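Coordinates in review
Here are the chains, one letter per residue:
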Amino acid sequence: MESRRIRRVVILGGGTAGWMTAGALSHSFGAAVTVTLLESEEIGTVGVGEATIPTIHWFNSLVGLDEADFLRATKATFKLGIAFVDWRAPGHRYFHPFGHYGAALPGVAFHHRWLKAATNGLALPLGALSLAERLADENRFARPSGDARSILSSLGYAYHFDAGLYAAYLRRVSETRGVTRVEGRLNTVERHPDTGFVSALTTSRGERLEGDLFIDCSGFRALLIDDVVGEPFEDWSHWLPCDRAVAVPCARVAPTTPYTRSTARAAGWQWRIPLQHRIGNGYVYASDQCSDDAAIATLLANLDGEPLAEPRLLRFKAGMRRRPWRDNVVAIGLSSGFLEPLESTSIHLIQSGIAKLLTLFPDRDCDPALASRFNTTFARDMDGIKDFLILHYHATGREEPLWRHCRAMSLPDGLRERIAQYRRSGRLILDPDELFREASWLAVLDGQGIKAQGYNPLADAIDPAANRAQVQQIADVIARAVPTLPMHDAVLAQMIGTPS
Ligand SMILES: Cc1cc2nc3c(=O)[nH]c(=O)nc-3n(C[C@H](O)[C@H](O)[C@H](O)COP(=O)(O)OP(=O)(O)OC[C@H]3O[C@@H](n4cnc5c(N)ncnc54)[C@H](O)[C@@H]3O)c2cc1C
């Protein structure tokens, strides 16, 4: 058994995916496995990827990062959710908060109580029942409480950070734990003549990196999983037509908003991600609807501060590889697939790839059953996120050609049924391991204008007047709590040790 153990892992690529994988493996295996990472400064990284979702806490704690140290090193800010501006229609705004709505009352899920209260005359917007949203509105921030009786227990949070600094931070942590970084371009890939397994990478500088397991973190190039193993890419651009982005940082403005802003535009949407030292901005667009020059002009015309660099153009295609693990090659990060950054899911997908790899870590024979499990769960993750993103594009009243096309396009079956079920009965029927849970689907369905016509009959066990009063009471508790909670900039300054 011992002799079959994997002893040497080689990671190709040192972007966010490469260094997250190196950090996790070195932390988890210690000296039992040697980790070597090959990257090329000349090629560089994608370098964007600045907004995260609350699952990031799992990864940061897995690799043992101290929160204050992490905030300082990556110039991070806190994120309570995403404000969607002009998506349903120009002039409309809604918020997708982290955490959950209302309070955990016994019986039926809270949103059915809200729906029932609405039919009994309580016209309360969903946002009034989210502490995270109300805090974001006022640039305030608080951490979740573990006490289920406190309204603070309804909160969730993530971070915005500088992706380049995060990778550099993880590199320092990984190198301290013994990861060897090799600089250079990939030259050739050697394979075992009998098994076809990859046995070594050679570099442009003449080094030879032998390994038992190879992690492809080479980004969109997908140098191992595509070029060597030949795993095809499944194209989803008929559902998610944006295929380019132009990104530019600009000077920061105070106060720092504790949320990402996503503004729909004629040919796509624009992100705004506040960091401690700057604001990250980008316009994600469909290249058949907008030229690169027009996209750059739109982005530069919609910045809060002066641009701090030349706009940077990125090309991509939505889709994935059904089998990111084949033989002894595992693709993690952009090499395994890409879904545009609308819900900040790529870094989550990296860490969920790492979590799966740790759970299913093979011996040298790379048992195909382990790979198969990895691949099935990865495909399920991607499918679920894809459907959630499509919902944003589809449920809109905007009139530009891109949006009219998305409104009319045929949807994946599961998504079509989910929307219809919510519309009919207010029911959100999710699989147990889906990433986005009830609160997220509810935020976007309601925010994009899909209204539930029914609710779970269980809610009828509650007296209508009592239900109305309780729902209103929770909104009041939230409204009273908000002004008592600190400003986001003050919490940040206290954490990183600078005056606010
Ligand atoms: C427009 C845009 C916005 C995004 N925004 C977000 C966001 O807000 N939140 C989020 O979670 N994610 C976001 N992402 C995704 C995020 O940027 C990526 O998931 C993340 O950066 C991981 O990239 P990677 O490490 O897989 O690839 P890369 O960053 O491309 O790294 C690839 C690595 O491979 C190396 N390499 C490539 N070829 C060779 C070679 N021949 N020899 C040696 N080394 C080689 C490179 O040097 C580099 O080190 C965004 C992506 C895009 C395109």
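Just so you know, these numbers come straight off a predicted model, no measurement behind them. (Residues numbered from 1 in each chain as written. Predicted model: local features only at pLDDT ≥ 70, side-chain atom pairs only at ≥ 80, totals over all residues. Heavy atoms only, no water.)

1. What to know about the overall build of the chain
What counts, and what does not: In this text, helices come from DSSP runs of H or I with a minimum length of four residues, and strands from runs of E with a minimum of two, each type numbered from the N-terminal end. We compute the radius of gyration from the C-alpha atoms alone; for a globule the expected value is 2.2 Å times N to the 0.38, where N is the number of residues. All accessible-area figures derive from a Shrake-Rupley calculation using a 1.4 Å probe, and residue coverage is judged against the displayed protein chains alone.
On a plain count of helices and strands, the chain comes out with 15 helices and 21 strands. For a compact globule of 500 residues, the expected C-alpha radius of gyration is about 23 Å, and the chain comes in at 23 Å, within 12% of that figure. Its C-alpha atoms give the chain principal-axis dimensions of about 75 × 50 × 50 Å. Accessible surface for the chain amounts to roughly 20000 Å². Of this, 52% is attributable to carbon and sulfur atoms.

2. Focus on the sheet that holds strand 8 (residues 186–191)
Rules: Only when DSSP finds a minimum of two bridges between them are two strands counted as paired. Angles run from 0 to 180 degrees between N-to-C directions of axes, and those axes are lines fitted to C-alpha atoms, restricted for helices to the stretch in contact.
Strand order in the open sheet formed by three strands is 8-9-10, with antiparallel pairing between adjacent strands. Pairing within the sheet leaves two strands with one partner each, and these edge strands are strand 8 and strand 10 (208–210). Each strand of the sheet is rotated relative to its neighbour by a mean of 20 degrees, with strand direction disregarded. Pairing geometry for strand 8 and strand 9 (residues 198–203), over five bridges, is antiparallel. By the bridge assignment, R191 is partnered in strand 9 with V198.

3. Brief notes about the sheet that holds strand 12 (residues 234–235)
With respect to topology, three strands assemble into an open sheet ordered 12-18-21, the strand pairing being antiparallel. Of all the strands in the sheet, the pair left with one neighbour each is strand 12 and strand 21 (337–338). Two strands pair when backbone bridges link them, and strand 12 and strand 18 (residues 319–320) are joined in this way by two bridges, in the antiparallel orientation. Its bridge partner lying in strand 18, D235 is registered against G319.

4. Points about the site of the ligand
How we decide: Consider each residue's heavy atoms; a residue with any of them within 4 Å of a molecule or strand counts as near. Contacts described as polar in this section are N or O atom pairs within 3.5 Å, which, within protein, must combine one atom able to donate a hydrogen with one able to accept it, while residues neighboring in sequence count only if both atoms come from side chains. When residues are sorted by character, Ala, Val, Leu, Ile, Met, Phe, Trp, Tyr, Cys and Pro go into the nonpolar class, Asp, Glu, Lys and Arg into the charged class, and all the rest, Gly among them, into the polar class.
Of all residues adjacent to the ligand, which total 34 residues, the nearest are G14, V48, A51, L186 and I347. Interatomic distance of 3.0 Å between a backbone N/O atom of S40 and an oxygen atom of the ligand. Within the complex, 97% of the 1000 Å² of free accessible area of the ligand lies under protein. Considering each element in turn, the shell around the ligand owes the most residues, three residues, to helix 9 (residues 346–359). Taken together, the residues of the shell around the ligand sort by class into 16 nonpolar, 14 polar and four charged.

5. Topic: the packing of aromatic side chains
What counts here: Each Phe, Tyr or Trp ring (for Trp, its six-membered ring) is paired with any other whose centre lies within 6.5 Å, and the angle between the two planes then decides the class: stacked below 30 degrees, edge-to-face above 60, tilted in between. Between buried and exposed lies partly exposed: a residue is buried under 20% and exposed over 50% of the maximum accessible area for its type, with that area taken using a 1.4 Å probe on protein chains only. Criterion for a charge above a ring: Arg CZ or Lys NZ at most 6 Å from the ring centre, at most 35 degrees from the ring normal.
Within this structure, the stated rule accounts for 24 aromatic pairs. Relative to F161, the ring of F70 has its centre 5.9 Å away and its plane inclined at 85 degrees; by these criteria the two rings are edge-to-face. Placement of F70 in helix 3 (residues 67–74) and of F161 in the loop between strand 6 (158–160) and helix 6 (163–176) is noted, with a sequence separation of 91 residues between them. For the pair shown, F70 and F161 are each scored as buried. Grouped by ring-pair contacts, the aromatic residues F70, F78, F141, Y157, Y159, F161 and Y166 constitute a single cluster. It is K386 that lies over the ring of W236; its NZ or CZ is 4.8 Å from the centre.

Nothing here speaks to function; it is all geometry.
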